[in-house]
Amino acid sequence: MAAWSSSCLTPASRRRILPGFGLSLACTLAYLSLLILLPLSGLAFRASDLGPVELWAIATGERALASYRVTFGASLLAATINAFFGLIVAWILVRYSFPGKRAIDALVDLPFALPTAVAGITLATLYADNGWIGRHLEPLGVKVAFTPFGIVVALTFIGLPFVVRTLQPVIEDIESEVEEAAASLGASRWQTFIRVLFPAIFPALLTGFTLAFSRSVGEYGSVIFIAGNMPLISEITPLLIISKLEQYDVVGATALAMVMLIISFVMLLAVNALQWWAANRHSGCSPSLGAHQ
Amino acid sequence: MNGRLRRVNAEPRWLRALLLGVGLGFLFFFLALPLLAVFVEAFAAGWTAYAGALNDPETRSAIGLTLLVALFVLPFNVVFGVAAAWAIAKFDFRGKSLLITLIDLPFAVSPVVVGLVFLLIFGAQGLFGPWLAAHDIKVVFALPGIIIVTLFITSPFVARELIPLMQAQGKEEEEAALSLGASAWQMFRRVTLPNIKWGLLYGVILANARAMGEFGAVSVVSGHIRGETNTLPLHVEILYNEYNAVGAFASASVLALLALVTLLAKTVVEWRMRRENSMLLADLPAEES
Amino acid sequence: MLRVIHQLFLVLTLTFSVTLAFAEGSSLLNVSYDVARDFYKDYNPMFQKHWKALSGESIELKQSHAGSSKQVRAVADGLEADVVTMNQASDVDFLAEKGLVARDYAKKFPNNASPYTSTMVFIVRKGNPKGLRDWSDLVKPGVQVILPHPKNTGNGRYTYLAAWGYALGQAGANDRTAQDFVGRLLKNVPLFAAGGRDATTTFMQRKIGDVLISFESEAELIAREFGKGEFEVVYPSLSILTEFPVAIIDKVVDKKGTRKAAQAYLDFLWSPVGQENAAQNYLRPRNQEILKKYVAQFPPIKTFSVDEVFGGWAKAYPTHFRDGGTFDQIYQQK
């Protein structure tokens, strides 16, 4: 607690005594511009081959609108599932010890290393009516594979590492003194969690959620194998982009890609701004909790 | 460290059991079962078929290419990630949210679109296409193209791991080190690096896994030339489409295993850190609490 | 730090040597669709021998396989293919439009530049429990049909046109009744598989659907993966002739000086050796004698080509598969 308040007492307007601001920022900006901004502006440039009317027509077609609902809805649901379970997973991986913990810890990265197509094929086989999981769901009348739920399953799979891996270092970093102090001041475990631990974890959780969400929005490889791809029902936007490419309609594809990119950008910006605002609201300084010693 | 953690770990027994049950159950259904299914398919025709599938020269060249790409991409990720996190977490400036959002953006771009974007630039019909063709430089459908899209796809990982961590840590320690006369480099090596080691490691592990596993973007710019520009994930898909399920899932299992190798890396780092820590702790005066 | 830099340098050098290796040597790159690997794995050594005897030179043959239209896009974007061997004329048409392939590529080789053909057939469960014999059986209520996405995959497009062509062949049929027929067929499709292979997995392994529609040549691949006794092949009364056009990429062979080799490579597909290889890979050879020799695996079936019924891919494609085409109309009516 002491470390916390001391950092908040430092005025926000303090001088920059740490070195490397210019260098690191220049590095970052150069890298971002070359690798990300420049290529993406190429995309915008190509999409602008279309007039605004055509662009609007492509972006708001019936199929396109339905696909946004499916894509963003499933991504939101999957990211929420991941935030909840990912927090638990990160917590038990850091705090508890149990047999096989290391192996399970390593397993968390699996969704990244497994090619998305393999993930999609495997999940579809598992959740099909005769699959290891699907056969137990089928008598309950629950269908996952080849329905929009299948999309959520695939997106949960590919998004999980984001939440767990963003939370792990932060949970590892929480100083036990803070919890002990809270406990010694009479706080229950629940109060400690809500008042002390959660605020410290929350920014990372939000980050993990955002990352899982944005990754899900663009995901194609795994989803098409489990979605069923029925027009208006289980068609994701990236599938429509592919469909345009199959028709050699590169401009139409870039138009849809731009729409997705803009929506994602606005959502990401909103979350990041919210986070920044939340961090600054308290005390005008970043929520530093228990800097080491 | 661990002994102290266990002491604070004050959740009641039932809650611990519940959390463990829920967490492990979730992992079982979402990670362990799919992994198991991959291995079951890979070994469907027995050990010899599995080994035979991996011994295929095209498979081996695909494994080599995938490792080469990862090896190339990771150093860039580390440098960019640390630089970006340093600027963002340790300093206040305008437009920070925008900058973070830009860093996040590659995650939100559909991998196929990523490939498309680089084709629009480096492809024969792209912006620099004619110039590159005139100078006989190959970017797309060759190794450079694969590396560039992989860089794009993996660029946010290290930065994104480090930013929340470094923000949570604040900057008192670095400032203290400087005021004690440390040089910038000393401060970074002795104070910052030890503090961010886990985040950095996780970032690298994730970027590595993603670099090796990426399919969509690479598939657009690779050209799929067997034995030359076919990465392992692409190879997996082709084998599967050719009705060679054993070959496909065997190759996929290699990717899964490569991801698990990071387990080894992590264990080694952990072990070395603990040794350093215990030496360090011995030097420090006892803590108050 | 120095060591890291050193290693980086090493990798960089390695990269360059790899890139350089691409440029050297007399070699042909054959960019092809994804199920053609088996065919060319057998064919390439045959041609290498032939070319050695013909010219005294040895030649390196490189293969690239992926989805047909994706491959063609890559060629248009600069993938330096000497020859393309595709599974749908619309893909080569696209290259002709881009000026990479002669406009009359179909006339540069015999048989519409397609060295072999195949057709769409029904794969049904053992014993054909639903008694599915023809396209008209597939629109009956309660029948589930598995096929890959008609807009996004070559197999799906061929299947769609096969059903359309069958419906047009009925008495008093016109485009409206054909669209109605295909619409009823699509109502029986519970999901659109991502590709031909995915459709097979869905049908064979996940046991979804009563009938899978696929290339005749793939039935053999399915048997190899899942066992012959697991399914039966049904030949409908009428189906579509699927052609596999090949072409030389003029720009590339002229630049690389490989035109002669590329021409010989494709010509050799029509040689008895090449034709026999097609038959052995369950693709119907154009050579009638060889076709006769393999008659046991190629039962006679009445087929129509895309050119005959639809006036070529250049017309069929936009009518049916572009945005707003008949496929989209069927789904928008609901």
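All values reported here derive from a predicted model rather than from experimental measurement.

(A) Inspection of the UniProt feature "transmembrane region" (unreviewed entry) in chain B at higher detail. UniProt marks residues 61-86, 98-121, 141-159, 199-225 and 245-265 of chain B with the feature "transmembrane region" (unreviewed entry), using the numbering shown here. This span, residues 199-225 of chain B, is 81% helix and 0% strand, and a straight line between its end C-alpha atoms measures 37 Å.

(B) Representation of the interface of chain B and chain A in the model. Of the residues lining the interface, 109 residues belong to chain B; the matching set on chain A comes to 107 residues. Buried surface at the junction of chain B and chain A, both sides included, amounts to about 10,000 Å², of which 74% is carbon and sulfur. Among the residues of chain B in contact with chain A, B:Phe26, B:Phe30 and B:Leu31 are the three that bury the most area, contributing 6% of the side total. Applying the counting criterion to the chain B and chain A interface returns zero salt bridges. Among the elements that take part in the side of chain B that touches chain A, helix H2 (residues 13-42) of chain B stands out by supplying 19 residues, more than any other. For the side of chain B that touches chain A, a count of residues per class yields 72 nonpolar, 16 polar and 21 charged.

(C) Fine view of unusual backbone geometry. Residues and elements named next belong to chain C. A positive phi angle is found at alanine 113, which is not glycine, with a value near 60°. With respect to the secondary-structure elements, alanine 113 resides in the loop between helix H4 (89-97) and strand S4 (116-125). Assessed through its relative accessible area of 0%, alanine 113 is described here as buried. The phi angle at asparagine 128 is positive, at roughly 45°, despite the residue not being glycine.

(D) Spotlight on the domain arrangement of chain B. Residues and elements named next belong to chain B. Entries for chain B in the domain assignment read domain 1 (15-44) and domain 2 (49-288). Taking only C-alpha atoms into account, the centre of domain 1 sits 25 Å from that of domain 2. Taken together, the six residues of domain 1 in the interface contact eight residues of domain 2. Together domain 1 and domain 2 conceal approximately 650 Å² of surface at their shared face, both sides included; 86% is due to carbon and sulfur atoms. Viewed at the interface, domain 2 and domain 1 are joined by zero residue pairs in polar contact (both at pLDDT 80 or more). For the side of domain 1 that touches domain 2, a count of residues per class yields five nonpolar, no polar and one charged.

(E) Main features of the sheet that holds strand S10 (residues 246-248) of chain C. Residue and element names in this part refer to chain C. Reading across from one edge, S2-S1-S3-S10 is the order of the four strands in this open sheet, with mixed pairing throughout. Single-partner strands in this sheet number two, and they are strand S2 (60-65) and S10. Within the sheet, the average angular offset between the axes of one strand and its neighbour, ignoring direction, is 20°.

(F) Summary view of the interface of chain C and chain A. Contact with chain C, which involves 30 residues of that partner, is made by 23 residues of chain A. Overall, the association of chain C and chain A removes approximately 2,400 Å² of surface from exposure, summing both partners, and the carbon and sulfur fraction of that is 50%. Interface area lost by chain C to chain A is led by C:Arg73, C:Asn152 and C:Arg206, which between them contribute 27%. Our count for the contact surface shared by chain C and chain A stands at three salt bridges. In this structure, the salt-bridge partner of C:Asp323 is A:Lys244, at a minimum N-O distance of 2.3 Å. Inspection of the chain C/chain A interface yields 14 residue pairs in polar contact (both at pLDDT 80 or more). Elements supplying a minimum of two residues to the side of chain C that touches chain A: helix H3 (68-76), H4, strand S6 (192-193), helix H8 (196-204) and helix H16 (326-332) of chain C. No other element matches H16(C), which puts four residues into the side of chain C that touches chain A. The residue makeup of the side of chain C that touches chain A, split by class, is 13 nonpolar, seven polar and ten charged.

(G) How the structure looks around the packing of helix H9 (residues 148-173) of chain A against helix H11 (residues 189-218) of chain A. Residues and elements named next belong to chain A. At their nearest, the axes of H9 and H11 sit 8 Å apart, and the two run at 155° to each other. Comparing the axis directions of H9 and H11 gives the class roughly antiparallel. Note on packing geometry: the crossing formed by H9 with H11 is right-handed. Side by side, H9 and H11 meet where Leu155, Ile158, Gly159, Phe162, Val163, Thr166, Leu167, Val170 and Ile171 of the first sit next to Ala200, Ile201, Ala204, Leu205, Thr207, Gly208, Phe209, Leu211, Ala212, Arg215 and Ser216 of the second. Per-class residue counts for the contact of H9 with H11 are 14 nonpolar, five polar and one charged.

About the cut-offs
- Residues numbered from 1 in each chain as written.
- Chains lettered and ligands numbered in written order.
- Predicted model: local features only at pLDDT ≥ 70, side-chain atom pairs only at ≥ 80, totals over all residues.
- Heavy atoms only, no water.
- UniProt positions renumbered as here; feature names shortened; annotations may be inferred.
- Helix = DSSP H or I, 4+ residues; strand = E, 2+ residues; numbered from the N terminus.
- Contact = heavy atoms within 4.5 Å.
- Buried area = accessible area lost by both parts, 1.4 Å probe.
- Salt bridge = Lys/Arg side-chain N within 4 Å of Asp/Glu carboxyl O.
- Nonpolar A, V, L, I, M, F, W, Y, C, P; charged D, E, K, R; others polar.
- Buried < 20%, exposed > 50% of the residue type's maximum accessible area, 1.4 Å probe, protein only.
- Domains from an automatic or database assignment.
- Polar contact = N/O pair within 3.5 Å; in protein donor to acceptor, adjacent residues only side chain to side chain.
- Pairing = 2+ DSSP bridges.
- Axes fitted to C-alpha atoms, helices over the stretch in contact; angles between N-to-C directions.
- Parallel < 35°, antiparallel > 145°, perpendicular 65-115°, else oblique.
- Left-handed = near helix turned anticlockwise from the far one by under 90°.

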